Amino acid sequence: MDEQRTVAAFVEEHDLEAPPAYRVLDLTSEVGELAKEVNESTAYGATPADVDAAADELGDALFALLALADSLEIDADDALEAALAKYRGRLEATGDPGSGE
């Protein structure tokens, strides 16, 4: 994934390498910030049609996820393709993409 390579180059250029455990914490933090925006914009779910989230918050979460993938030496394209195949299989088998757990 070109985006993963771009993030990896940025991390290397700016000496931002971190162990995967720290990358997971960063990802969790960024997704939390995104969730906070969504929760606040919808009055904590009372008005779901009013959902609003800033593109830069989503970008932060994507950066953190791609940096995590790189630190784990996981190709994001391959991981996404595997996930799509899993969801397709579930949809075909049960009509639902969820795991049922």
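The structure reproduced in this document is the subject of the present report.

Scoring rules and cut-offs
Residues numbered from 1 in each chain as written. Predicted model: local features only at pLDDT ≥ 70, side-chain atom pairs only at ≥ 80, totals over all residues. Heavy atoms only, no water. Axes fitted to C-alpha atoms, helices over the stretch in contact; angles between N-to-C directions. Helix = DSSP H or I, 4+ residues; strand = E, 2+ residues; numbered from the N terminus. Parallel < 35°, antiparallel > 145°, perpendicular 65-115°, else oblique. Contact = heavy atoms within 4.5 Å. Nonpolar A, V, L, I, M, F, W, Y, C, P; charged D, E, K, R; others polar. Expected span 1.5 Å × (residues − 1). Buried < 20%, exposed > 50% of the residue type's maximum accessible area, 1.4 Å probe, protein only. Salt bridge = Lys/Arg side-chain N within 4 Å of Asp/Glu carboxyl O. Polar contact = N/O pair within 3.5 Å; in protein donor to acceptor, adjacent residues only side chain to side chain.

### Side note on the packing of helix α1 (residues 2-13) against helix α3 (residues 55-71)
In step 1: With their axes 9 Å apart at the nearest point, α1 and α3 run at an angle of 85 degrees to one another. In terms of orientation, α1 lies roughly perpendicular with respect to α3. Taking contact as the criterion, the partners of E3, Q4, V7, A8, F10 and V11 in α1 are, on α3, F63, L66, A67, A69 and D70.
In step 2: Class assignment for the residues of the contact of α1 with α3 results in 8 nonpolar, 1 polar and 2 charged.

### Details of α3
In step 1: Taking 1.5 Å as the rise per residue, α3 with 17 residues should run 24 Å; its terminal C-alpha atoms sit 24 Å apart, in good agreement.
In step 2: Among all positions of α3, only E57, A61, A64, L66, A67, L68 and A69 are buried.
In step 3: Packed against the buried residues of α3 are α1, α2 (20-41) and α4 (76-94).
In step 4: Phi turns positive one or two residues past the end of α3, at E73, with a value near 60 degrees.

### Thoughts on the pattern of salt bridges
In step 1: All chains considered together, the criterion is met by 1 salt bridge.
In step 2: Across the pair D2 and R5 runs a salt bridge, and its minimum N-O distance is 2.8 Å. With D2 and R5 both in helix α1, this residue pair falls 3 residues apart, about one helical turn. R5 matches D2 in its accessibility class, with the two residues each being exposed.

### Quick word on the side chain of T42
In step 1: Take T42: it is sitting in the loop between α2 and α3.
In step 2: Residue classification places T42 among the buried positions, given a relative accessible area of 5%.
In step 3: Residues within four places of T42 in sequence aside, it is in contact with T47, P48, D50 and V51.

### Let's talk about the environment of Q4
In step 1: Locating Q4 in the fold gives a position in helix α1.
In step 2: For Q4, a relative accessible area of 6% translates into the label buried.
In step 3: Linking Q4 and I74, residues 70 residues apart in sequence, is a C-alpha distance of 9.9 Å.
In step 4: Other than its neighbours up to four places away in sequence, Q4 contacts L66, A69, D70, I74, D75 and A76.
In step 5: Engagement of the side chain of Q4 in a polar contact is seen with the backbone oxygen of I74, the distance being 2.9 Å.

The analysis is restricted to geometry; functional conclusions fall outside its scope.
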